[in-house]
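Structural overview
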Amino acid sequence: MADTASSRPLRRRRVAFLAALLAALLVAVTALTCWGAYRWAEAEARAALTLSGDQRLGLYASSIRNAVGRYDYLPFLVARDHEMLDLLEAPSDSRRDAANRRLETANAVAGSAALYVVDRKGLALAASNWADPAQSFVGQIYDFRPYFRQAVESGSGRYFGIGVTTGLPGYFLSHAVRLGDRLVGVAVVKIDLESLQRDWAAGGERVLVTDENGIVFLSSHADWKYRALRPLPDAVKARLAQTRQYDRSELVPLGLHDGPVMETGARLVSLPVIGMPLIGSLGPARASAAPSPARRAYLMQELALPEFGWTIRLLSDLEPVRAEAAGAAVLTGMGILLLAAAAALGWQRRQTLRLQREARTMLERRVEERTAELLTANRVLREAQEELVQAGKLAALGQMSAALAHEINQPLAAIRTFVASTRLLAERGETAMVRDNLAMIGDLAERMAQLSGHLKEFARKGPARVQAVPVARTMDRALALLAPRLREEEVRVEQAIPPDALVRGDAVRLEQVFVNLLRNAADAMDLCDDRRLTLTAVRNGEGWEIRIGDSGTGIAEAHRLRLFDPFFTTKEVGQGLGLGLSLSYGIVRDFGGTLRAENNPDGGACFVVQLPDAKGGPE
Ligand code: ADP
């Protein structure tokens, strides 16, 4: 008792510990799987982003190439123009005018930003914008510009820079102007690339183009323009100051932080958060050195434009990638929790089923135990019953002794009375009456002899002599034995037993059976008005069926099963011993036949003796 009381809380604690362990495991597995799902979804989204970024970078590169390529031929054509050659050969006011107008027209037709010619020393002699005094290049010295030097040295040049006169950025293409082998000047076209940036900004892109020094000179966002991707070496700074490539821009570093490089070649970077994208804003950016503390992560992809020495960079926001990955992680987590919930439900269901099964098994065991107990009780009862039957037999023996005493005492007493009265009658010489009395005494003695004969039969158990017995003759002899009574009681006998009815048995004993049955029938018809005996024998499959029917009281349902029991009788004491039917039953059975009792449909009882045919079987 104490043992179970102390083990119960122990068990509960162990279950609680197991549950906690399981919960911790679930949390760990969920966290790990979510982390995995996050990483996987992030990589997938990043790969998709990289792919579309590559495509867009290609598009932007070709738009730059197109924008520049359109004007490639222009300096070459200008360098061949006679009016330019004349002007450079021998400058004069009229020649300058003519050249100015020609350049103005050509510039307007080509759609370039400016078109101009400079002499051998770098002095601009004529320009398309001659008419605007604030903007005009005419009279300006450009000998420090790289595109001039390149043309002088190698025949042509190209260069991006902020215009020293206009302050507007542009791409310059130059070509040497020669008379024979002699260099007389340089023809230059300035191209406006600002419109490209506006397209990028309008598309919501983050694009920047850097020169060979890593300086952003084209960008979708104004804040990034004219800033160095990474801090510049002093030598570069000095050269830039000399060429005034970016005029007076301070080229403050962008504050780009490099992250890891992906397999695709894209790089994770972060930049300080910038303002609105550039739309319609032109010119150098405000040189703001104050770094913003907030940074944003981007995926940076690059594409080199080797013919220009430039690099286009596309920055893709990583926020959507993170959101997608987070979504995947949350979904995975929910999935796992759902699965866990389903598993828990399943477990609970199994547990319930197990408990039900156990309960059923216990119930079945209980039923089996009870059944076994009932069977035992039944056996005990049966044993008790058998003992009772035994006791009942003894009681019946007692009854029989009493009946016998009664049966014998009555005729004995009668004989004693008759003997006394006969003695008196003899002394008086009344012979006739003496004879009557003696006949009475003889009858009584006969009755007593019959009684003892019955008992002897009952006790006898010897084997019978089996032979072919003619049923009709045996029945006749039985009827003859009972003839006086039948006649006296006016019993009609209807007999229909074929003479060939031969059965296997013992003639004397069969006669005894018939006498018993006929006497019982006569007893049953004692108080009836119509007394009739119907005796038939019919051959059937098993031999002969002999029926002894009467028109008596019939057999009460309550007695039917006990008729053949020894000592069963409904007759008064002294009238019957209850041995006739049980004796007859035993005799018929000894012959290999059966005896049964039925009630006739029209009243009265019928006893059916079934005996084997004597013809077929051995004698
Ligand atoms: P007994 O004749 O001494 O009573 P039996 O064994 O011959 O003993 O008969 C048993 C009982 O069967 C009878 O007491 C009677 O109740 C019943 N019985 C026998 N034959 C008939 C019959 N033909 N009609 C009605 N009852 C019968």
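Looking up the protein in an unreviewed UniProt entry gives the name C4-dicarboxylate transport sensor protein DctB, with the organism given as Azospirillum thiophilum. Turning to the protein, the UniProt record has this under Subcellular location (unreviewed entry): "Cell inner membrane". Regarding the protein, the UniProt comment filed under Function (unreviewed entry) reads as follows: "Member of the two-component regulatory system DctB/DctD involved in the transport of C4-dicarboxylates. DctB functions as a membrane-associated protein kinase that phosphorylates DctD in response to environmental signals."

Our next topic: the packing of aromatic side chains. Tallied over the full model, the rule gives 17 aromatic pairs. Centroid distance Tyr-147 to Tyr-159: 6.2 Å. Interplanar angle 40 degrees. Geometry classified as tilted. Here Tyr-159 lies in strand β3 (residues 156-162) and Tyr-147 lies in helix α5 (residues 146-154), a separation of twelve residues in the sequence. Among the residues examined, Tyr-159 registers a relative accessible area of 7% and is labelled buried. Taking the centre distance of 4.7 Å and the plane angle of 20 degrees together, the rings of Phe-308 and Trp-310 count as stacked. Like Phe-308, the residue Trp-310 is buried in the burial classification. Among the aromatic side chains, those forming a connected cluster through ring pairs are Phe-160, Tyr-171, Phe-217, Tyr-226, Tyr-246, Phe-308 and Trp-310.

Let us look at the pairing of strand β16 (residues 543-550). Taking burial as the measure, the eight residues of β16 include seven buried ones, the bulk of the element. What sits between the antiparallel neighbours strand β15 (residues 532-540) and β16 is a turn of two residues. Sheet topology note: the β16/strand β18 (residues 605-611) ladder contains six bridges and is antiparallel. In the strand pairing of β18, Glu-545 is matched with Gln-610.

A separate point is empty space enclosed by the protein. Enumeration over the complete set of coordinates arrives at one cavity of 30 Å³ or more. The computed volume of the largest cavity comes to approximately 50 Å³. Taken together, Tyr-116, Phe-137, Tyr-142, Arg-145, Tyr-147, Gly-163, Val-164, Thr-165, Thr-166, Phe-172 and Lys-190 make up the full set of residues lining the largest cavity. Residue composition of the lining of the largest cavity, by class: six nonpolar, three polar and two charged.

A separate point is the environment of Val-216. With respect to the element layout, Val-216 can be found in strand β7 (residues 216-219). Sequence separation between Val-216 and Arg-313 is 97 residues, and the spatial gap between their C-alpha atoms is 9.7 Å. Those residues in contact with Val-216 that lie beyond four places of it in its chain are Leu-208, Val-209, Thr-210, Trp-224, Lys-225, Tyr-226, Arg-227 and Leu-254.

A few words now on the nonpolar core. Judged by nonpolar contacts, the single largest core of 49 residues is most densely connected at Ile-64, Tyr-171, Leu-193, Tyr-246, Trp-310 and Ile-312. A total of six residues in this core trace back to one element, the largest contributor, which is helix α1 (residues 2-69). Ile-312 has contacts with Leu-57, Tyr-60, Ala-61, Ile-64, Val-207, Leu-208, Val-209, Gln-301, Glu-302, Leu-303 and Leu-305, leaving out every residue within four places of it along the chain. By size, the runner-up hydrophobic cluster in this structure holds 41 residues, among which are Val-503, Phe-564, Ile-587 and Phe-591.

Right, let's get into the packing of helix α3 (residues 82-89) against helix α4 (residues 93-110). For the pair α3 and α4, the least separation of the axes is 9 Å and the interaxial angle reads 145 degrees. For α3 against α4, the interelement crossing comes out left-handed. Touching Glu-83, Met-84, Asp-86 and Leu-87 of α3 are Arg-95, Arg-96, Ala-98, Ala-99, Arg-102 and Leu-103, all from α4.

We now examine the pattern of salt bridges. All chains considered together, the criterion is met by 32 salt bridges. Here Arg-56 ties to Glu-205 by a salt bridge, and the two come within 2.4 Å at their closest N and O atoms. Of the two residues, Arg-56 sits in helix α1 while Glu-205 sits in the loop between α6 (194-202) and β6 (207-210), which places them 149 residues apart along the sequence. Judged by relative accessible area, Glu-205 falls into the buried class, the value being 9%. Notably, a salt bridge pairs Arg-370 with Glu-373, separated by 3.5 Å at the nearest N-O pair.

Here we come to the environment of Gly-586. Looking at the element boundaries, Gly-586 is found in helix α12 (residues 580-590). Distance from Gly-586 to Val-513, taken between C-alpha atoms, is 9.8 Å for residues 73 residues apart in sequence.

This chain's UniProt record puts "transmembrane region" (unreviewed entry) on residues 325-347. The span residues 325-347 shows a helical share of 100% and a strand share of 0%, and its end C-alpha atoms are spaced 32 Å apart.

Among the secondary structure elements, Ser-112 is positioned in the loop between α4 and β1 (114-119). Ser-112 sits in the buried class, given a relative accessible area of 9%. Looking at Ser-112, its side chain comes within polar contact range of the side chain of Asn-107, at 2.5 Å. Discounting residues that sit within four places of it in the chain, Ser-112 has contacts with Tyr-71, Leu-74, Asn-107, Val-189 and Lys-190.

Another point: the layout of surface pockets. By volume, the second largest pocket amounts to about 530 Å³. Contributing to the lining of the second largest pocket are 13 residues, with Leu-18, Ala-19, Leu-22, Ala-344 and Trp-347 lying nearest its centre. Looking at the lining of the second largest pocket, the elements that each hand over two or more residues are α1 and α8 (319-428). Its residues assigned to classes, the lining of the second largest pocket shows ten nonpolar, one polar and two charged.

Quick look at the sheet that holds strand β2 (residues 124-127) now. The five strands are arranged β2-β1-β5-β4-β3 in an open sheet whose pairing can be described as antiparallel. Edge positions in the sheet fall to β2 and β3, since each has one partner strand and no second. In this sheet, neighbouring strand axes are inclined to one another by 25 degrees on average, regardless of whether the strands run parallel or antiparallel. The sheet contact formed by β1 and β2 spans three bridges and is antiparallel. Following the sheet pairing, Val-118 is matched in β2 by Ala-124. Against the sheet, α5 makes contact with β1, β3, β4 (169-179) and β5 (182-191), and its axis sits at roughly 175 degrees relative to β3, the strand it touches most.

About the criteria used
- Residues numbered from 1 in each chain as written.
- Predicted model: local features only at pLDDT ≥ 70, side-chain atom pairs only at ≥ 80, totals over all residues.
- Heavy atoms only, no water.
- UniProt positions renumbered as here; feature names shortened; annotations may be inferred.
- Phe/Tyr/Trp six-rings, centres within 6.5 Å; stacked < 30°, edge-to-face > 60°.
- Helix = DSSP H or I, 4+ residues; strand = E, 2+ residues; numbered from the N terminus.
- Buried < 20%, exposed > 50% of the residue type's maximum accessible area, 1.4 Å probe, protein only.
- Pairing = 2+ DSSP bridges.
- 1 Å grid on protein atoms, 1.4 Å probe; cavity = no way out; pocket = protein on both sides within 12 Å on 5 of 7 lines; lining within 4 Å.
- Points joined across faces, edges and corners; volume = space filled by probe spheres on them.
- Nonpolar A, V, L, I, M, F, W, Y, C, P; charged D, E, K, R; others polar.
- Contact = heavy atoms within 4.5 Å.
- Core = buried A, V, L, I, M, F, W, Y, C linked by side-chain atoms within 4.5 Å.
- Axes fitted to C-alpha atoms, helices over the stretch in contact; angles between N-to-C directions.
- Left-handed = near helix turned anticlockwise from the far one by under 90°.
- Salt bridge = Lys/Arg side-chain N within 4 Å of Asp/Glu carboxyl O.
- Polar contact = N/O pair within 3.5 Å; in protein donor to acceptor, adjacent residues only side chain to side chain.

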